[in-house]
Amino acid sequence: MTSLIDQIESAYANVPTVPRDEAIRNASLAAMQLMLAAKAKGLDSCPMGGYDADQFVEAFSVPERYIPVILIAIGKAAVPARPSERFSIDETVIWNSF
Ligand SMILES: Cc1cc2nc3c(=O)[nH]c(=O)nc-3n(C[C@H](O)[C@H](O)[C@H](O)COP(=O)(O)O)c2cc1C
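The paragraphs below set out a description of the structure included in this document. (Residues numbered from 1 in each chain as written. Predicted model: local features only at pLDDT ≥ 70, side-chain atom pairs only at ≥ 80, totals over all residues. Heavy atoms only, no water.)

1. Here we look at the overall build of the protein chain
- Helices and strands together make up the secondary structure of the protein chain, namely four helices and two strands.
- Secondary structure elements in the protein chain, listed N-terminal to C-terminal, are α-α-β-α-β-α.
- For the protein chain, whose C-alpha radius of gyration is 18 Å, the value lies well above the compact-globule estimate of 13 Å for 98 residues.
- Structurally, the protein chain occupies a C-alpha span of about 50 × 45 × 25 Å along its principal axes.
- Scored against the burial criterion, the 98 residues of the protein chain give a buried share of 4%. (Helix = DSSP H or I, 4+ residues; strand = E, 2+ residues; numbered from the N terminus. Rg over C-alpha atoms; globule rule 2.2 N^0.38 Å. Buried < 20%, exposed > 50% of the residue type's maximum accessible area, 1.4 Å probe, protein only.)

Shown next as structure tokens:
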């Protein structure tokens, strides 16, 4: 029986985009979970894609095997958050088919 590690290694070796895509997918899931955990502990967070990834890598000595995916600030909110102006769930979730 093929182990999970064998399956992953095979997928990573055969399709060159898979390692990067999976790193971004998995880090994004972890990032959301981290923000939800922070909220559950009474903290707030700010996810940032708009930052200088090269400077981040340099400043934090990030090893070459990692790619920067998202920067998250976590802390106590200085003031209550304003209402979000993002699209509503009804506008962003597609049920079954486009
Ligand atoms: C430096 C910086 C970079 C950000 N980059 C992104 C981004 O790449 N994508 C995004 O959707 N929001 C980005 N944001 C926005 C915040 O994550 C977002 O406004 C905040 O979580 C509040 O959510 P709201 O827009 O629903 O009010 C950035 C905010 C800052 C301060």
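2. What about the site of the ligand?
- Taken together, Cys 46, Pro 47, Met 48, Gly 49, Gly 50, Arg 82, Ser 84 and Arg 86 make up the full set of residues near the ligand.
- Within the backbone of Gly 49, one N or O atom sits 2.9 Å away from an oxygen atom of the ligand.
- Ser 84 places a side-chain nitrogen or oxygen 2.5 Å from an oxygen atom of the ligand.
- Contact with the protein chains covers 53% of the free accessible surface of the ligand, which is 630 Å². (Near = heavy atom within 4 Å. Polar contact = N/O pair within 3.5 Å; in protein donor to acceptor, adjacent residues only side chain to side chain. Areas by Shrake-Rupley, 256 points an atom, 1.4 Å probe, with all protein chains shown as cover.)

3. Examining the packing of aromatic side chains
- The final tally for this structure, using the stated rule, is two aromatic pairs.
- Between Tyr 51 and Phe 56 the ring centres are 5.9 Å apart and the planes differ by 75 degrees, which places this aromatic pair in the edge-to-face class.
- Using a relative accessible area of 22% as the deciding quantity, one classes Phe 56 as partly exposed.
- Put simply, the rings of Tyr 51, Phe 56 and Phe 60 touch in pairs and so form one group of aromatic residues. (Phe/Tyr/Trp six-rings, centres within 6.5 Å; stacked < 30°, edge-to-face > 60°.)

4. Let's talk about a nonpolar patch on the surface
- Among the surface-exposed residues, Leu 4, Ile 8 and Tyr 12 lie close enough to one another that they form a single nonpolar patch of about 290 Å² accessible area.
- By the secondary structure assignment, Ile 8 is in helix α1 (residues 4–14).
- Owing to a relative accessible area of 39%, Ile 8 belongs among the partly exposed residues under this scheme. (Patch = residues over 30% accessible without salt bridge, like charges linked within 9 Å, V, L, I, M, F, W, Y side chains within 5 Å. Salt bridge = Lys/Arg side-chain N within 4 Å of Asp/Glu carboxyl O.)

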